[in-house]
Amino acid sequence: MITEIAPAPGRTAPAPAPPRGRRRAWDEVPRWQIYLPLTVYLVFTLVPFYWILLFALRPAGSTSLVPWPVTFDHFEKVWTERSFGTYFGNSVLVAVATLLLTTVVALAGGYALARFDFRMKRAFMLGLLCSQFVPGALLLVPLFQIFARLSMINSLGSVIIAETVFQLPLSMILISGFIRNVPPSLEEAAWVDGCNRFAAFRIVVLPLLRPGLIAVGSFAFVHAWNHFLFALMFLSDQSKQTIPVGLNTLMGADSVDLGALAAGGIVAAVPVVIVFAFIQKWLITGFSAGAVKG
């Protein structure tokens with residue numbers, strides 16, 4: 001008679017070894033079948049960036065495939081002669097203001113959607129979702145008429161408000177998902193300790209929403225930074241234009257200054273790359289948290 005020997009106290013039984021001759025599916029795939037598609041995708045992604053750097057750094061009229069000698073004349077040209085310094089400052093103002101307004105308003109609306117029940121709540125959520133299918137071009141005429149009556153045409157405030165309104169529906173939906181993942185019992189414990197609703201939200205809930213707020217804020221920042229249509233329609237003064245509109249001015253009817261256009265594109269891309277380089281950890285955490293319903 002064969003008896004099973006129990007493991008010694010404090011020690012766990014070793015996991016059974018997999019049967020010989022059987023391997024996991026990913027162990028059977030040769031390494032070259034993994035690295036080859038990744039290499040092709042990497043080359044496909046990086047070649048356009050190298051091409052932009054090539055035109056931006058090599059002298060005008062050069063046809064070399066290597067940017068040598070390196071010149072920064074194109075950057076100096078777009079920054080001074082093409083007023084990209086002014087465009088850059090306007091874009092920073094619009095993007096940062098849109099980020100702050102979108103985050104604050106979406107935080108208040110998302111909290112209401114996550115914590116309160118009211119009539120037509122499902123219909124309101126459905127309206128927020130359906131609004132994402134409306135292209136921005138359809139909003140130009142009514143927004144232009146509203147801003148014209150408010151004397152806000154040719155003002156950066158009109159672009160900031162339009163960008164905020166365009167970003168709010170998705171931001172509210174995402175924020176409400178983040179707040180649902182915070183147990184209401186944490187707020188109730190703060191109420192018992194004497195906090196009101198706002199104090200409990202500020203002390204208990206808000207610190208837990210940092211990944212979600214960074215995700216929503218970065219999404220609003222990048223969209224406002226890259227958006228072309230609202231700035232083109234609502235701003236007529238060149239001193240108030242943003243970088244996307246400034247890039248459009250580099251393309252003439254008969255010719256295109258490729259060196260200046262490439263330098264302007266790099267100037268426009270660098271802030272976004274820097275922002276994502278610093279917040280990528282919180283960005284991934286935030287979007288994964290908002291995708292799970294609590």
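Residues numbered from 1 in each chain as written. Predicted model: local features only at pLDDT ≥ 70, side-chain atom pairs only at ≥ 80, totals over all residues. Heavy atoms only, no water.

**Notes on the side chain of Gln-167**
- Summarising the element assignment, Gln-167 is placed in helix H6 (residues 156–180).
- A distance of 2.8 Å separates the side chain of Gln-167 from the side chain of His-223, its partner in a polar contact.
- When sequence neighbours within four positions are dropped, the list of residues in contact with Gln-167 reads Thr-102, Phe-219, Ala-220 and His-223. (Helix = DSSP H or I, 4+ residues; strand = E, 2+ residues; numbered from the N terminus. Polar contact = N/O pair within 3.5 Å; in protein donor to acceptor, adjacent residues only side chain to side chain. Contact = heavy atoms within 4.5 Å.)

**Notes on the packing of helix H3 (residues 84–115) against helix H9 (residues 210–226)**
- In contact at an axis separation of 8 Å, H3 and H9 are set at 145 degrees when each is read in the N-to-C sense. Handedness of the H3/H9 crossing: right-handed. Touching Phe-88, Ser-91, Val-92, Val-94, Ala-95, Val-96, Thr-98, Leu-99, Thr-102, Thr-103 and Leu-107 of H3 are Leu-213, Gly-217, Ala-220, Phe-221, Ala-224 and Trp-225, all from H9.
- Partitioned by chemical class, the residues of the contact of H3 with H9 number 12 nonpolar, 5 polar and no charged. (Axes fitted to C-alpha atoms, helices over the stretch in contact; angles between N-to-C directions. Left-handed = near helix turned anticlockwise from the far one by under 90°. Nonpolar A, V, L, I, M, F, W, Y, C, P; charged D, E, K, R; others polar.)

**Observations regarding unusual backbone geometry**
- For Met-120, which is not a glycine, the phi torsion comes out positive at approximately 60 degrees.
- If you trace the backbone, Met-120 turns up in the loop between H3 and helix H4 (121–131).
- Positive phi, close to 55 degrees, is recorded for Ser-151, a residue that is not glycine.
- Secondary-structure assignment places Ser-151 in the loop between helix H5 (140–149) and H6.
- Judged by relative accessible area, which is 66%, Ser-151 ranks as exposed. (Buried < 20%, exposed > 50% of the residue type's maximum accessible area, 1.4 Å probe, protein only.)

**Overview of the pattern of salt bridges**
- Using the criterion set out here, one finds 2 salt bridges in the structure.
- In this structure, Arg-115 and Glu-187 form a salt bridge, with 2.6 Å as the shortest nitrogen-oxygen distance. In this pair, Arg-115 is assigned in helix H3 and Glu-187 in helix H7 (residues 184–192), connecting sequence segments 72 residues apart.
- Of the residues examined, Glu-187 reaches a relative accessible area of 2% and is grouped as buried. (Salt bridge = Lys/Arg side-chain N within 4 Å of Asp/Glu carboxyl O.)

**As for the nonpolar core**
- If you look at the biggest cluster of nonpolar residues, it comprises 22 residues, and the most contacted ones within it are Ala-56, Phe-75, Val-78, Phe-84, Trp-225, Ile-243 and Leu-247.
- Elements supplying a minimum of two residues to this core: helix H1 (31–57), helix H2 (73–81), H3, H9, helix H11 (243–249) and helix H12 (258–290).
- It is H12 that provides the largest number of residues to this core, a total of 7 residues. (Core = buried A, V, L, I, M, F, W, Y, C linked by side-chain atoms within 4.5 Å.)

**So, the environment of Cys-195**
- Relative to the helices and strands, Cys-195 is located in the loop between H7 and helix H8 (197–208).
- With a relative accessible area of 25%, Cys-195 lands in the partly exposed category.

**Examining the environment of Ile-161**
- Topologically, Ile-161 is positioned in helix H6.
- A relative accessible area of 35% means that Ile-161 is categorised as partly exposed.
- Here Ile-161 is in contact with Phe-147 and Met-152, once residues within four sequence places are set aside.

**Concerning the packing of aromatic side chains**
- As enumerated under the stated definition, the model contains 12 aromatic pairs in all.
- Consider the rings of Tyr-111 and Phe-116, whose centres lie 6.0 Å apart with planes at 75 degrees: the pair is edge-to-face.
- The partly exposed category is assigned to Phe-116, whose relative accessible area is 34%.
- One aromatic cluster in this structure is built from Phe-144, Phe-147, Phe-166, Phe-230 and Phe-234.
- Residue placement shows Arg-58 over the ring face of Phe-55; its charged tip is 4.6 Å from the ring centre. (Phe/Tyr/Trp six-rings, centres within 6.5 Å; stacked < 30°, edge-to-face > 60°. Lys NZ or Arg CZ within 6 Å of the ring centre and 35° of its normal.)

**Re the side chain of Gln-241**
- Its location among the elements puts Gln-241 in the loop between helix H10 (229–234) and H11.
- Given a relative accessible area of 9%, Gln-241 falls into the buried group.
- If near-sequence neighbours (up to four positions away) are discounted, Gln-241 is found in contact with Thr-86, Tyr-87, Asn-90, Ala-231, Leu-235 and Ser-236.

**A word on the confidence of the model for the protein**
- On average, residues of the protein carry a pLDDT of 80, and 84% of them reach 70 or more.
- Summarising per-element confidence for the protein, the mean pLDDT is lowest in H12 (75) and highest in H3 (89).
- Confidence drops under pLDDT 50 across residues 290–294; counting only partners more than four residues distant or on other chains, this segment forms 8 contacts. (pLDDT = per-residue confidence, 0-100.)

**Description of a nonpolar patch on the surface**
- Together, Tyr-50, Trp-51, Leu-65, Val-66, Trp-68, Val-70 and Phe-72 give the surface a local cluster of nonpolar side chains, amounting to about 810 Å² of exposed area.
- One can find Trp-51 in helix H1.
- Take Trp-51: its relative accessible area is 41%, and that puts it in the partly exposed class. (Patch = residues over 30% accessible without salt bridge, like charges linked within 9 Å, V, L, I, M, F, W, Y side chains within 5 Å. Areas by Shrake-Rupley, 256 points an atom, 1.4 Å probe, with all protein chains shown as cover.)

**Some thoughts on H5**
- Residues of H5 that are buried: Leu-140, Leu-143 and Phe-147. Each buried residue of H5 lies within a common arc of 70 degrees when the element is viewed along its axis, so the set occupies one face. Pointing more than 90 degrees away from the buried face of H5 are the exposed residues Val-141 and Arg-149.
- On its buried face, H5 is in contact with H6 and H10.
- Phi for Ser-151, located one or two positions after H5, is positive at around 55 degrees. (Arc of directions from axis to C-beta.)

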